[in-house]
Amino acid sequence: MAQQTFSGVPGEFTAGEVLSSSDQNLLRDFLIATIKEGMTGDTGEILPMIMDLTNNRIVLDSGGLEFSDGSTQTVAAAGMTWSGSTANGIGTYGSSSSIVAESTATYNGTTLQLTTSGGGLKLDGLNSSDVNTLDDYEEGTWQATCETGSGSITVNTSYDDGAYVKIGRAVFISGSFAISAISSPSGTLKLLGLPFPVGDLSVNAERSIINTSLFFTNGNMNGPAQGQTAAGQSYIAIDNLNGRAARQEAAAFIDTGSSINVGGWYYANA
Amino acid sequence: MALTKTVEVDRIEVLQLGQLQVRTATIVVDDGAELARSFHRQVLNPGDDTTGQSDRVAAVAAATWTDAVVADWNAWVAEQEAARAAGQ
């Protein structure tokens, strides 16, 4: 900031003296220079306050602001400071004069609302070990194929995609799969391709029944179909239920033109 | 406006039993700004054929599926199947 310059030194004034025009101009220039640039002492040291009109700011080299109403001086509050690492990016209340960066933010209000369209909470496979923590959400598709005890069942590649939504360890699936060809299928019928492996807990706790229907089967089917998941696996085993009798493996009931329809949820590995 | 669509394997996870959990992302970008991303999932079990998989998936499978891992997996599956056949 360039120093304001003025020439001459005003003389010593006496009470009641009428200042000359040149003295008035000199005083005015001096005051303006002081306000604009800060007063300089004999040593050239800049005093603590500078009113910098060029940049519309007041600069305090030290100290702080105080306001007076003529009898009481009030010290202005200090500016807010940021405490902690900025890498975490979330700021929370620290004190009346500080904002604290947090890696785990706690919100104590009643409603946390996200209002911008297209946004939301993103939880992408965070793998928390805390059972109270929602650590994953995902939507997508999976591709089904069939496996049989013997022979084969071919899924029409135009109708072989299912959908899934994963919320934590719960995987919700749906899909309708058209059969385009068979070759003497028999024995077990498995629908392969689940988007996540089934969890592996003790005492079969992870097993889920998946709502399953088989349409346009051959005439041998004599009961409703049922799908079941298996620990650690990525398939649905499909059986034909026949009253109180043991379940029947359903591959032999599938025909060209049949469809396998599933919907439900299962407990994922993680 | 230059729309581009790319398909890439964006996640390969190796599970305890050796399965590979593979996520394929389809990404639509307009002049550098991502407009949409969708996912497709598949699971590869130890010993599965990796023909048609991406080079990275095949490499992870080759590194993970040692003979011992595949043998353990097959034994575990056989145990599961036997239990299922027994109605358990």
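Throughout what follows, the structure given in this document is the object of discussion.

## Things to note about the overall build of chain B
Across its full length, chain B holds 2 helices and 3 strands. Its helices and strands in sequence order give chain B the pattern β-β-β-α-α, from N to C terminus. For 88 residues, the compact-globule estimate of 2.2 N^0.38 gives 12 Å, and chain B exceeds it by more than 25% at 18 Å. In terms of overall dimensions, chain B has a C-alpha envelope of 60 × 30 × 20 Å along the principal axes. Split into buried and exposed, the 88 residues of chain B put 38% on the buried side. Considering only contacts in chain B between residues 6 or more positions apart, those separated by 24 or more positions represent 40%. When the accessible surface of chain B is summed, it comes to about 5000 Å², and 52% of that surface belongs to carbon and sulfur atoms.

## Section: the environment of I238(A)
Residue and element names in this part refer to chain A. The residue I238 is located in strand β14 (residues 235-240) in this model. Among the residues examined, I238 registers a relative accessible area of 0% and is labelled buried. For the pair formed by I238 and D160, sequence separation is 78 residues and the distance between their alpha carbons is 17 Å. Beyond its immediate sequence surroundings of up to four residues, I238 is in contact with L189, L191, T212, L214, A225, Q226, G227, A250 and I260.

## Quick word on empty space enclosed by the protein
Taken as a whole and judged by the stated rule, the model has 1 cavity of 30 Å³ or more. Counted as a void, the largest cavity has a volume near 70 Å³. Forming the walls of the largest cavity are 10 residues, and the residues nearest its centre are R207(A), T229(A), A230(A), Q80(B) and R84(B). For the lining of the largest cavity, the secondary-structure elements that each account for two or more residues are β13 (225-229) and β14 of chain A together with α2 (67-85) of chain B.

## Remarks on the interface of chain B and chain A
Contact with chain B, which involves 20 residues of that partner, is made by 28 residues of chain A. Summing both partners gives a buried area of about 1900 Å² for chain B against chain A, and 38% of it is carried by carbon and sulfur. Its largest share of buried area at the contact with chain A, chain B owes to H40(B), R41(B) and R84(B), together 35% of the area lost on that side. In this structure, the connection of chain B to chain A is made through 5 salt bridges. Taking the shortest distance from any N to any O, the salt bridge between K190(A) and E81(B) comes out at 2.8 Å.

## Considering the packing of aromatic side chains
Inspection of the entire model under this criterion finds 4 aromatic pairs over all chains. Ring geometry for W142(A) versus F177(A): centroids 5.3 Å apart, planes at 65°, classification edge-to-face. Taken together, the residues W142(A) in strand β8 (residues 137-143) and F177(A) in strand β11 (residues 170-192) connect sequence positions 35 residues apart. For F177(A), a relative accessible area of 0% corresponds to the buried category. A cation sits over an aromatic face here: R23(B) above F39(B), 3.8 Å from the ring centre.

## Structural notes on the sheet that holds strand β6 (residues 90-95) of chain A
All names here are of chain A. Reading across from one edge, β5-β7-β6 is the order of the 3 strands in this open sheet, with mixed pairing throughout. At either margin of the open sheet sits one strand with a lone partner, and together these are β5 (81-83) and β6. Going from strand to strand, the sheet's axes swing by 35° on average, the running direction of each strand aside.

## Quick look at the pattern of salt bridges
Inspection of every chain in the model, using the stated rule, returns 11 salt bridges over all chains. A salt bridge links K166(A) to D136(A), with the nearest nitrogen and oxygen atoms 2.8 Å apart. You can see K166(A) sitting in strand β10 (residues 161-167) and its partner D136(A) sitting in the loop between β7 (98-102) and β8, a full 30 residues away along the chain. Just as K166(A) is buried, D136(A) falls in that class too. The salt bridge involving E138(A) is made with R41(B); its shortest N-O contact spans 2.8 Å.

About the criteria used
Residues numbered from 1 in each chain as written. Chains lettered and ligands numbered in written order. Predicted model: local features only at pLDDT ≥ 70, side-chain atom pairs only at ≥ 80, totals over all residues. Heavy atoms only, no water. Helix = DSSP H or I, 4+ residues; strand = E, 2+ residues; numbered from the N terminus. Rg over C-alpha atoms; globule rule 2.2 N^0.38 Å. Buried < 20%, exposed > 50% of the residue type's maximum accessible area, 1.4 Å probe, protein only. Contact = heavy atoms within 4.5 Å. Areas by Shrake-Rupley, 256 points an atom, 1.4 Å probe, with all protein chains shown as cover. 1 Å grid on protein atoms, 1.4 Å probe; cavity = no way out; pocket = protein on both sides within 12 Å on 5 of 7 lines; lining within 4 Å. Points joined across faces, edges and corners; volume = space filled by probe spheres on them. Buried area = accessible area lost by both parts, 1.4 Å probe. Salt bridge = Lys/Arg side-chain N within 4 Å of Asp/Glu carboxyl O. Phe/Tyr/Trp six-rings, centres within 6.5 Å; stacked < 30°, edge-to-face > 60°. Lys NZ or Arg CZ within 6 Å of the ring centre and 35° of its normal. Pairing = 2+ DSSP bridges. Axes fitted to C-alpha atoms, helices over the stretch in contact; angles between N-to-C directions.

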